[in-house]
Amino acid sequence: MRILILGGDGYLGWPTAMRFSQRGHDVHVVDNYLRRHAHEEVGTDTLVPILDSLPARADAWKDVSGKEIGVTEGDLVEWDVTADLFRDFRPDAIVHYGEMPSAPYSMRDRDHAVFTQHNNVVNTLNVLWAMREYAPDSHLVKLGTMGEYGTPNIDIEEGYLDVEHNGRKETILYPKLPGSLYHLSKVHDSNNIHFACRMWGIRATDLNQGVVYGIETDETELDDRLATRFDYDDVFGTALNRFCVQAIIGHPLTVYGKGGQTRGYLNILDTLQCVELAVTNPADRGEFRVFNQFTEQFSVTELAEIVQRAGAEHGLDVRIESIENPRLELEEHYYNAKHTKLFDLGLQPHLLSETLVESMFSVIERFKDRVITDAILPRDNWRPVAQAPAG
C-alpha cells in the first residue's frame, strides 16, 4: 500500500512512518517543520534529542532497517506543494497529522489564533481537493481530537448522535463544544471532511484521539537516531508528560485548578495500533467514519496521584501542588465518552498502570539534564481580561 504521512516529522508522524515502512508499505512523509519552529519561538525543545531534518531521519532509518521512506519538505497550505505531492505519489491512504497541535499556542494572542485556524483548516482543505483531483479512491485517516466534543453533560457518542425533534428523527454529527481555537480548528476540519465525503464520495476516518503519552516504540528502540520527540513544556506538553518530567527532576506536580478535568488517554503504542487498524480497514466510498481513540480516562488529579505512586516505587519523593488554572474550562464535570469501534477492530491496549515507569521514567531520567525548567509552568492565560469600569 502507498501511504502518505502528513506531519511526518512529528511526535506521532515519525513513528507511524517507520511502523508502516517496517510492515512493507511504500511510505512517503511531508513536513514543514512547524513544530520545530514553534519551539524555537517559545524557547522550548524536545526532551529526547532527534536528528535535525527529515532526510537525516530517513537516512538513519534506511541504515538501520534497509527500507526507504520518501521525504518532501514543504507546506501543505501551499496548493502547489499539496497538488504535486498527490499527483506524483498517488497514495492509497493518507494519515494526516500535519497541523499545529497546541491549545495554549492557539490562545496566546490574535496572531497565533489566526495562524492556527489558517494553517489547520486551509491545509486540510488542500488535502481534500488533492484527493478529489488526484487520488479519488484513497482513504483519509485524519487525526482529530476528543477536545472537539468538550465536556458536555451527556454521554459522548462516537461521532454521531440520534435525535428526535418534534416527532421526527435524524442522525447528526455530535454537537461540538471545543475549549480552544486549536480544538475549534479541528471541528472545522471534521465538518469539511464530512462535506467532502457527502459531496464528492471521498472515504475518510476521523480519529478523535485522547491525550497520548509515552516515548518509545518498537522502531524507535532500534537506534537512538530513530527517536521521536517528547514534549513536556507548557505549550506543547501534556499533563501526564509534564508530571513525569516534574517527578524525575524533583519539581512538584502542578495540577491546574481543582484537577477534576477528565479526558481519555492512550499510550503511543496504541496510537500506532489505532492508525494501522484504520488504514487496513478503510471506510467505504462516501463514508465519514468517526472513532473515539483512547483506552482509559482519568482526571488530572488521578493522573498526578498515579505518577506520585509510581515515583515512590521508583524511589522518588513526589509532591502534588495545585496552581491557578490558566485555562477557561470546567474543573469538575461529567465525562462519559464511548470508545468501542477500535476495540471491535482488534485494538489491544497498553494500560497506564502497566507501562508508566517502564515507558517513561527511565528515558526521562536519561535526558533530565535537557529539561528547561523555565518552560514547565504556564506562561499563557486565556481567561477573559476583566474590563475596567466605564468613566
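Thresholds, definitions, all that
Residues numbered from 1 in each chain as written. Predicted model: local features only at pLDDT ≥ 70, side-chain atom pairs only at ≥ 80, totals over all residues. Heavy atoms only, no water. Helix = DSSP H or I, 4+ residues; strand = E, 2+ residues; numbered from the N terminus. Rg over C-alpha atoms; globule rule 2.2 N^0.38 Å. Buried < 20%, exposed > 50% of the residue type's maximum accessible area, 1.4 Å probe, protein only. Patch = residues over 30% accessible without salt bridge, like charges linked within 9 Å, V, L, I, M, F, W, Y side chains within 5 Å. Areas by Shrake-Rupley, 256 points an atom, 1.4 Å probe, with all protein chains shown as cover. Salt bridge = Lys/Arg side-chain N within 4 Å of Asp/Glu carboxyl O. Contact = heavy atoms within 4.5 Å. Polar contact = N/O pair within 3.5 Å; in protein donor to acceptor, adjacent residues only side chain to side chain. Axes fitted to C-alpha atoms, helices over the stretch in contact; angles between N-to-C directions. Left-handed = near helix turned anticlockwise from the far one by under 90°. Nonpolar A, V, L, I, M, F, W, Y, C, P; charged D, E, K, R; others polar. Pairing = 2+ DSSP bridges. Expected span 1.5 Å × (residues − 1).

Q: It is not clear to me how the overall build of the protein should be interpreted in this structure. Could you clarify?
A: Each helix and strand counted, the protein has twelve helices and 14 strands in total. A globule of 391 residues ought to have a C-alpha radius of gyration of about 21 Å, and the protein, at 21 Å, matches this closely. In terms of principal-axis extent, the alpha carbons of the protein reach across some 65 × 55 × 50 Å. Counting all 391 residues of the protein, 57% fall into the buried class.

Q: Could you clarify how one ought to interpret a nonpolar patch on the surface in this entry?
A: Taken together, W79, L125 and W129 make up a surface patch of nonpolar side chains, about 270 Å² in accessible area. The exposure class assigned to W129 is partly exposed, which follows from its relative accessible area of 38%.

Q: I tried to follow the pattern of salt bridges on my own but got confused; where do I start?
A: Once their charged atoms are close, side chains differing in charge can pair, the charge on each being opposite to the other. Under the counting rule described, the total for this entry stands at 30 salt bridges. Of the charged contacts in the structure, one is a salt bridge between R132 and E133, with a shortest N-O distance of 3.1 Å. The partly exposed category is assigned to R132, whose relative accessible area is 37%. Each of E99, K142, K186 and D189 takes part in salt bridges that share partners, so that together they form one network.

Q: How do you make sense of the environment of D206 when you look at a structure like this?
A: Checked against the element boundaries, D206 lands in strand β8 (residues 203-209). We classify D206 as buried; its relative accessible area is 1%. Sequence separation between D206 and D155 is 51 residues; the distance between their C-alpha atoms is 19 Å. In contact with D206, not counting residues within four places along its chain, are K142, G144, E148, S190, F288, R289, V290 and F291. A polar side-chain atom of D206 sits 2.7 Å from a polar atom in the side chain of S190.

Q: Any chance you could explain the packing of helix α1 (residues 13-22) against helix α3 (residues 54-65) here in plain terms?
A: Interhelical geometry of α1 versus α3 gives an angle of 35 degrees and a closest axis separation of 12 Å. Regarding α1 and α3, the two cross each other, and that crossing is right-handed. On α3, the residues that touch W14, M18, S21 and Q22 of α1 are L54, R57, A58, W61 and S65. A per-class count over the contact of α1 with α3 returns five nonpolar, three polar and one charged.

Q: What is the right way to read the packing of helix α10 (residues 300-313) against helix α12 (residues 352-366) from this model?
A: Packed helices, taken two at a time, are described by the angle their axes make and the gap between the axes. Two numbers describe how α10 lies on α12: the axes approach to 11 Å, and their chain directions differ by 65 degrees. As for the relative orientation of α10 and α12, their crossing is right-handed in sense. Residues L303, I306, V307, A310 and G311 of α10 touch α12, and the partners they reach there are L352, L356, V357 and F361. The class makeup of the residues in the contact of α10 with α12 is eight nonpolar, one polar and no charged.

Q: Can you walk me through the sheet that holds strand β5 (residues 139-145) in this structure?
A: Whether parallel or antiparallel, the strands of a sheet pair through hydrogen bonds between backbone atoms. Strand order in this open sheet of seven strands is β3-β2-β1-β4-β5-β8-β12, and the pairing throughout is parallel. Lying at the two open borders of the sheet, with one neighbouring strand each, are β3 (69-73) and β12 (288-293). Strand after strand, the sheet turns through a mean of 20 degrees between neighbouring axes, direction not considered. By the bridge criterion, four bridges tie strand β1 (residues 2-6) to strand β4 (residues 93-96) in an arrangement that is parallel. Pairing of L6 across the sheet is with H96, part of β4.

Q: How should helix α7 (residues 181-200) be read in this particular structure?
A: Structural remark: α-helix, 3.6 residues per turn; residues separated by three or four positions point the same way. The end-to-end C-alpha distance of α7 is 28 Å, a good match for the 28 Å that 20 residues give at a rise of 1.5 Å each. Turning to α7, its buried residues are Y182, H183, S185, K186, V187, D189, S190, I193, H194, A196 and C197. Looking one or two places after α7, you find G201, whose phi comes out positive at around 80 degrees.

Q: Quick question: what am I supposed to make of α3 here?
A: Here α3 is twelve residues long and its end C-alpha atoms lie 16 Å apart, about the 16 Å a rise of 1.5 Å per residue gives. Elements that come into contact with the buried residues of α3 comprise α1, β2 (26-31), α2 (34-42) and β3. The N-cap residue of α3 is S53: its side-chain oxygen and the backbone nitrogen of A56 are 3.2 Å apart. G66, located one to two residues past α3, shows a positive phi value of around 80 degrees.

Q: Explanation requested: unusual backbone geometry in the structure shown.
A: Excluding glycine, residues mostly have negative phi values, and the peptide bonds linking residues are mostly trans. One non-glycine residue with positive phi stands out, namely Y33, at about 65 degrees. Mapped onto the elements of the fold, Y33 is located in the loop between β2 and α2. According to the relative accessible area criterion, Y33 is buried, its value standing at 13%.

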